[in-house]
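A structural walkthrough
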Amino acid sequence: MCNCDECEQWMQPYMDRVLTDAERAEAETHLDDCAYCRKRYRFEEHLRQFVQQSVIEPMPAELKQKLAELRTPLL
Amino acid sequence: MSETTREPDARRLATEARDRVRFEEEALALADQVYRVARHLVGNREEAEDLVQETYARAFRSWRSFTPGTNLRAWLLRILTNLNIDRGRRIQRQPDQQPLEEGDYFLYNRLEETTDGVPDEDRVVQRLSQNDVVNALSEVPHDFRDVVVLVDIGDFTYADAAQILDIPVGTVMSRLHRGRRILKQAMAESAVGSET
């Protein structure tokens, strides 16, 4: 089983789903057993959602119109 | 020209027109997502708007070079990032010039120690404001920010980001790793200040 330092290292790859099956299983075992890392894992999940929501800026309607005008006219 | 040669020509033109219209419709349907990424790749809204317009102008001109069935959103972003580089909007920085960043738990620990009472992860994330995130993102150096924006905001895979930026997947991974940590440090500074 991995320790807290390794869990911290693996946190982002774990969330990106790029760990090997064996590493993933180790990370999950550690997260089940360790409240300290589990709390930080939940925070990371919330943080990712929060970052995504925070940066959403709707495209200005005029820009959408300008893009549509760039289309090739039908002959 | 006889009827027999004209007819296939007419059919070919009709097919091409249909393919082009389909391409343009599909590209326009992705405009919101393209803009969202562009908005955080460049410094301000005006630049992002110009860049998205140029991207679509070029995409509509060179639609034949898109391979149907491949990732159109990634294809559009590839054009956009190339235009961004061509226009010299980016100031390239050497990754080596960046200070060593803190570990992954740094932001949580920093926010937790400045939260009153018994903090849980919900209350800790509430210490951050939308402005903290937007400001922090603008402080991440370009090479790192490009990858963070594509993967964490644009939801591109590592492989797509590598193709869009024309860098190896390993470089995407290392820049993402450091970029996220630099972002967290900047968010911590924005939310609770840099003093300990």
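The structure displayed is predicted, hence computed values, not measured ones.

On a plain count of helices and strands, chain A comes out with four helices and zero strands. Put simply, chain A runs from its N terminus to its C terminus through helices and strands in the order α-α-α-α. Expected size for 75 residues packed as a compact globule is a radius of gyration near 11 Å; at 21 Å, chain A overshoots this value by more than 25%. Projected onto the principal axes, the alpha-carbon positions of chain A cover approximately 65 × 25 × 15 Å. The buried share of chain A, taken over its 75 residues, is 16%.

Take the interface of chain B and chain A next. At the junction of the two partners, chain B supplies 33 residues and chain A supplies 28 residues. Counting residues per element, the ones that place at least two in the side of chain B that touches chain A are α1 (3-29), α2 (31-41), α3 (45-61), α6 (121-125), α7 (130-139), α8 (142-153) and α10 (169-192) of chain B. Among the residues forming the side of chain B that touches chain A, the class breakdown is 17 nonpolar, five polar and eleven charged.

All names here are of chain B. Partitioning chain B into structural domains gives domain 1 (3-86) and domain 2 (95-192). Taking only C-alpha atoms into account, the centre of domain 1 sits 30 Å from that of domain 2. At the junction of the two partners, domain 1 supplies nine residues and domain 2 supplies eleven residues. Put simply, the parts of the chain that give the side of domain 1 that touches domain 2 at least two residues each are α2 and α4 (72-86). Of the residues assigned to the side of domain 1 that touches domain 2, the class counts are four nonpolar, three polar and two charged.

We now examine α8 of chain B. In terms of burial, α8 of chain B is a largely internal element, ten of the twelve residues being buried. Residues of α8 of chain B that are buried: F144, R145, D146, V147, V148, V149, L150, V151, D152 and I153 of chain B. As for α8 of chain B, its buried residues are in contact with α3 (35-54) of chain A together with α2, α4, α7, α9 (158-165) and α10 of chain B. Where α8 of chain B ends, the next residue or the one after it, D155 of chain B, has phi of about 60°, a positive value.

Turning to α9 of chain B, a few remarks are in order. Residue and element names in this part refer to chain B. Inspection of α9 places D160, A161, I164 and L165 among the buried residues, and these make up the whole buried set. Down the axis, α9 shows its buried residues gathered within 120° of arc, on one side only. The inward-facing, buried residues of α9 abut α4, α8 and α10. Note on α9: the residue one or two positions beyond its end, D166, has a positive phi of about 60°.

Right, let's get into the environment of V172 of chain B. Residues and elements named next belong to chain B. Take V172: it is sitting in helix α10. Classification of V172 as buried rests on a count of 25 C-beta atoms within 10 Å. Separated by twelve residues in the primary sequence, V172 and D160 place their C-alpha atoms 9.8 Å from one another. Apart from residues no more than four positions distant in its own chain, V172 is found in contact with V147, Y158, A161, A162 and I167.

The rules behind each value
Residues numbered from 1 in each chain as written. Chains lettered and ligands numbered in written order. Predicted model: local features only at pLDDT ≥ 70, side-chain atom pairs only at ≥ 80, totals over all residues. Helix = DSSP H or I, 4+ residues; strand = E, 2+ residues; numbered from the N terminus. Rg over C-alpha atoms; globule rule 2.2 N^0.38 Å. Buried ≥ 20, exposed ≤ 12 C-beta atoms within 10 Å, placed from the backbone. Contact = placed C-beta atoms within 7 Å. Nonpolar A, V, L, I, M, F, W, Y, C, P; charged D, E, K, R; others polar. Domains from an automatic or database assignment. Arc of directions from axis to C-beta.

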